[in-house]
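Topology and contacts: notes
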Amino acid sequence: MISIQTLLNPPQGLTLSEILIFSYILGLLHGITPDEHTWPITFSYAVGKYSTKGGMKAGFLFSLGFTIQRAFLTTLGFLGLAAIYKEYNLDGPVYFVVGIVMAIAGSYILKGKYVHLPFDELIHKRREGENLRDVPLKMTIVHGLIAGFGFGAYATIITFFLAPQVPGLIFAPLPGAMFGLGTMTMQIILGAIFGNIIKFKGLSEEDVRYIGIKTAGRVLYYGGIVFSIVGLLIIAIPIIDCWAIPTGNPIPNLDAINIGFLLVVGTVGTIGIASIIQAYREVKKKVEENKAAQVKKI
């Protein structure tokens, strides 16, 4: 049985099999804990597909892009080229780029356009005549590739402690790939859960679809704007990224209340829940209007 402390502080002299097991378990922890690089994206696309199968597919495709990037990252770690992360804080640029891609995807879902700025129209436009687009799951791979450049405690372990221990360059991508597969396992499970959040009783398939797509679009659009703003703030004032309130939990992503944690809560918790409630109210209002119209005809 591998203890948490051993996982987070891997010893030297591990065999290749042990390195891959460590990497996979770390990926499982990364995927199940609230991470700002994974949860907001998986939540958005999974809800937009409003089903177990669609949610699982969203988690899989996002993690596929993430896994590819992580395999590349541990290769850099083996070669000693990942030292750039020790010299420069890339959180700000990564948050900014991730936010831009999120907002573009959200704009496409809500308006059928890749760039759309009027906030009021996005929030309050009536259901009639809306040009909602289906959630483009293929975009999740792009999100995964970009988000993979984010660097936290888990990335530090697999890049600087596990990757350098593999027998040769040909094995260097494996710790990152196994870490990505561990993350993928949990993201598929979470995607299935997120995809069923909006299954309200008494609603038609079309109503559920509307709530799912509307929620996905709003979370991506407004969450993307929040990510971009935070990214710019970190670029301008790097010390912001160092702010944290320790929780006493040793597991990364649960060990402190920091900018990353607040991004997850703000995007998934606040914007996500608010978007579901608003879309549900829009659906209920439409149903009531239709009932009233039918009574009036009688």
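Cut-off values and rules
Residues numbered from 1 in each chain as written. Predicted model: local features only at pLDDT ≥ 70, side-chain atom pairs only at ≥ 80, totals over all residues. Heavy atoms only, no water. Helix = DSSP H or I, 4+ residues; strand = E, 2+ residues; numbered from the N terminus. Rg over C-alpha atoms; globule rule 2.2 N^0.38 Å. Contact = heavy atoms within 4.5 Å. Areas by Shrake-Rupley, 256 points an atom, 1.4 Å probe, with all protein chains shown as cover. Lys, Arg positive; Asp, Glu negative; His and termini not counted. Charge placed at Lys NZ, Arg CZ, Asp CG, Glu CD. Salt bridge = Lys/Arg side-chain N within 4 Å of Asp/Glu carboxyl O. Buried < 20%, exposed > 50% of the residue type's maximum accessible area, 1.4 Å probe, protein only.

As recorded in an unreviewed UniProt entry, the chain goes by the name Urease accessory protein UreH-like transmembrane domain-containing protein, listed as coming from Acidianus ambivalens.

Along its length, the chain carries 12 helices and 2 strands. Seen in sequence order, the chain has helices and strands lined up from the N terminus as α-α-α-α-α-α-α-α-α-α-α-β-β-α. In summary, the chain has a C-alpha radius of gyration of 21 Å against a globular reference of 19 Å for 298 residues, a match within 12%. For the chain, the spread of C-alpha atoms along the principal axes amounts to about 80 × 40 × 35 Å. In the chain, of all internal contacts separated by at least 6 residues, the share reaching a separation of at least 24 is 82%. Accessible area for the chain stands at about 13900 Å²; split by element, carbon and sulfur atoms hold 68% of it. Computing the positive centroid from 24 side-chain charges and the negative centroid from 18, the chain places the two 11 Å apart.

With that out of the way, let us pick up the pattern of salt bridges. In total, this model carries 3 salt bridges according to the counting rule given. The shortest N-O distance in the salt bridge between glutamate 206 and arginine 209 comes to 3.9 Å. Of this pair, glutamate 206 and arginine 209 both sit in helix H11 (residues 205–236), 3 residues apart, which is roughly one turn of the helix. For glutamate 206, a relative accessible area of 45% translates into the label partly exposed.

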